[in-house]
Amino acid sequence: MPKIGIRELLEAGAHFGHQAGRWNPKMKRYIYNGPRNGIHIIDLTQTVGLFDKAYQFVVDTVANGKPVLFVGTKKQAQEIFKEEATRAGQFFVTNRWLGGSLTNWRTIRKSIARLRGIEKMQSDGTADSMAKKEALRLEKVREKLEKNLGGIKDMETMPGAVFLVDTRREHIAVQEASIMGIPVVGVVDTNSDPTPIAWPIPGNDDAIRSIRLFASRIADACIEGKAIAGERRAEAPSMTAHVGEEETVTVTPAPDMEGPEVQRIARRPRRERGGAGTAGSM
């Protein structure tokens, strides 16, 4: 069953592109029989097929333990992307894209550490002992950092995928993801270039209903992927192995699937080579 239907795409206005004079010729294959009333119409049959592929990619990415970064800095997308990313337990950038957010991750992490430090000072009472002027200055710094980095302050590793709307506006994020080898899932309108996007989804990237539809379904894909990851951890069998004649160990895949946890459960006395008894026996 398709993960998104033509009827709901029509109801969301996802088929409306831009004025014909503003189109990108590279989107020609996704446009339905030329313009109507001066506006290009997106072929939603292709949107359905391409969305299903993008949806499955996101499911697989999250199921393999990699996060998805939602990027939507245009006004129509900001609250939607923040809401849907939070619902799915993923990360987001909705204020503005800071140059180097992917390509200069080490510097970004320093800014995040600064934000965490200020939050700790405010929570443990350290900020209360400061002069009022200094405390206010610190709060302004925190607010600025939270606005720009709040959606990624808990992101410990690079994302496995970036999902964004309006690939023209978010071109720097697209470039950085490309440099870092991170696949991009993007809603591409008729004025966009789909070639840098690994998983293009032809659709209206301006209408709020269209943006919400795409974002909510990608969030659903993330939730489905997390459920699969949880099932894999729960169903991973415990394997028992014997190490020589000295001990028995139990090997169980670790919760993060990065390596095994080993627990010794029994130990046997070592026998002397060629002897019938234990070491020290007569």
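Note that the structure is a prediction, hence the values are computed from the model and not measured.

Rules of the game
Residues numbered from 1 in each chain as written. Predicted model: local features only at pLDDT ≥ 70, side-chain atom pairs only at ≥ 80, totals over all residues. Heavy atoms only, no water. Helix = DSSP H or I, 4+ residues; strand = E, 2+ residues; numbered from the N terminus. Buried < 20%, exposed > 50% of the residue type's maximum accessible area, 1.4 Å probe, protein only. Contact = heavy atoms within 4.5 Å. Areas by Shrake-Rupley, 256 points an atom, 1.4 Å probe, with all protein chains shown as cover. Expected span 1.5 Å × (residues − 1). Salt bridge = Lys/Arg side-chain N within 4 Å of Asp/Glu carboxyl O. Phe/Tyr/Trp six-rings, centres within 6.5 Å; stacked < 30°, edge-to-face > 60°. Polar contact = N/O pair within 3.5 Å; in protein donor to acceptor, adjacent residues only side chain to side chain. Pairing = 2+ DSSP bridges. Axes fitted to C-alpha atoms, helices over the stretch in contact; angles between N-to-C directions. Core = buried A, V, L, I, M, F, W, Y, C linked by side-chain atoms within 4.5 Å.

Caption draft 1: Layout of the overall build of the chain. Counting its regular elements, the chain contains seven helices and 11 strands. Within the chain, buried positions represent 42% of all 282 residues. Of the contacts made within the chain by residues no fewer than 6 positions apart, 59% connect residues no fewer than 24 positions apart. Of the accessible surface of the chain, which amounts to about 15900 Å², a share of 51% is contributed by carbon and sulfur atoms.

Caption draft 2: Looking closely at helix α2 (residues 44-63). A rise of 1.5 Å per residue sets the reference length of α2, with its 20 residues, at 28 Å; its end C-alpha atoms lie 28 Å apart and thus fit the reference within 8%. Looking at α2, one finds that the buried residues are Leu44, Thr47, Val48, Phe51, Ala54, Tyr55, Phe57, Val58, Val59, Thr61, Val62 and Ala63.

Caption draft 3: How the structure looks around the pattern of salt bridges. For the structure on display, the rule yields 15 salt bridges. The partner of Asp166 in a salt bridge is Lys74, with the nearest N and O atoms 2.9 Å apart. With Asp166 in the loop between β6 (161-165) and α6 (171-179) and Lys74 in the loop between β4 (68-71) and α3 (75-87), this residue pair connects regions lying 92 residues apart in the sequence. Across this residue pair, the class does not change: Asp166 and Lys74 are buried.

Caption draft 4: How the structure looks around the packing of aromatic side chains. Under the counting rule described, the total for this entry stands at six aromatic pairs. A ring pair is formed by Phe70 and Phe81, whose centres lie 5.9 Å apart and whose planes are at 75°; its orientation type is edge-to-face. Here Phe70, found in strand β4, pairs with Phe81, found in helix α3; they are 11 residues apart in sequence, far enough to count as distant. Here Phe70 matches Phe81 in class, with each residue buried. Taken together, a centroid distance of 5.4 Å and an interplanar angle of 80° make the contact between Phe70 and Phe163 edge-to-face. Of this pair, Phe70 sits in strand β4 while Phe163 sits in strand β6, and the two are 93 residues apart along the sequence. According to the relative accessible area criterion, Phe163 is buried, its value standing at 1%. Connected via pairs of aromatic rings, a cluster forms that spans Phe51, Tyr55 and Phe214.

Caption draft 5: How the structure looks around the side chain of Lys74. Lys74 gets classed as buried once you look at its relative accessible area, which sits at 5%. Only 2.7 Å separates the side chain of Lys74 from the side chain of Asp206, close enough to count as a polar contact. Apart from the residues lying within four places of it in its own chain, the contact partners of Lys74 are Val165, Asp166, Arg169, Glu170, Asp205 and Asp206.

Caption draft 6: Here's a closer look at the sheet that holds strand β3 (residues 39-42). One open sheet holds the three strands; their spatial order is β1-β3-β2, and the pairing between them is antiparallel. Two strands bound the open sheet, and with one partner strand each, they are β1 (16-19) and β2 (31-36). Each adjacent strand pair in this sheet contributes to an overall mean axis angle of 25°, direction not counted. Examined bridge by bridge, β2 and β3 share three bridges and lie antiparallel to one another. Within β3, the position partnered with Arg36 by the bridge is Ile39.

Caption draft 7: Structural detail: the nonpolar core. Val58, Phe70, Phe81, Phe163 and Phe214 are the most contacted members of the largest nonpolar core, which totals 36 residues. Residue assignment for this core shows that the elements contributing at least two residues are α2, β4, α3, β6, β7 (184-188) and α7 (208-235). Tallying contributions element by element places α2 first for this core, with nine residues. In this structure Phe214 touches Ile4, Leu9, Ala14, Thr47, Phe51, Phe163, Val187, Ile201, Pro202, Gly203 and Asn204, once residues within four positions along its chain are discounted. If you look at the next biggest cluster of nonpolar residues, it comprises 29 residues, including Leu98, Leu145, Leu149 and Val184.

Caption draft 8: Structural view of unusual backbone geometry. In this structure, Asn37 is a non-glycine residue whose phi angle is positive, near 55°. Topologically, Asn37 is positioned in the loop between β2 and β3. What makes Asn37 exposed here is its relative accessible area of 83%.

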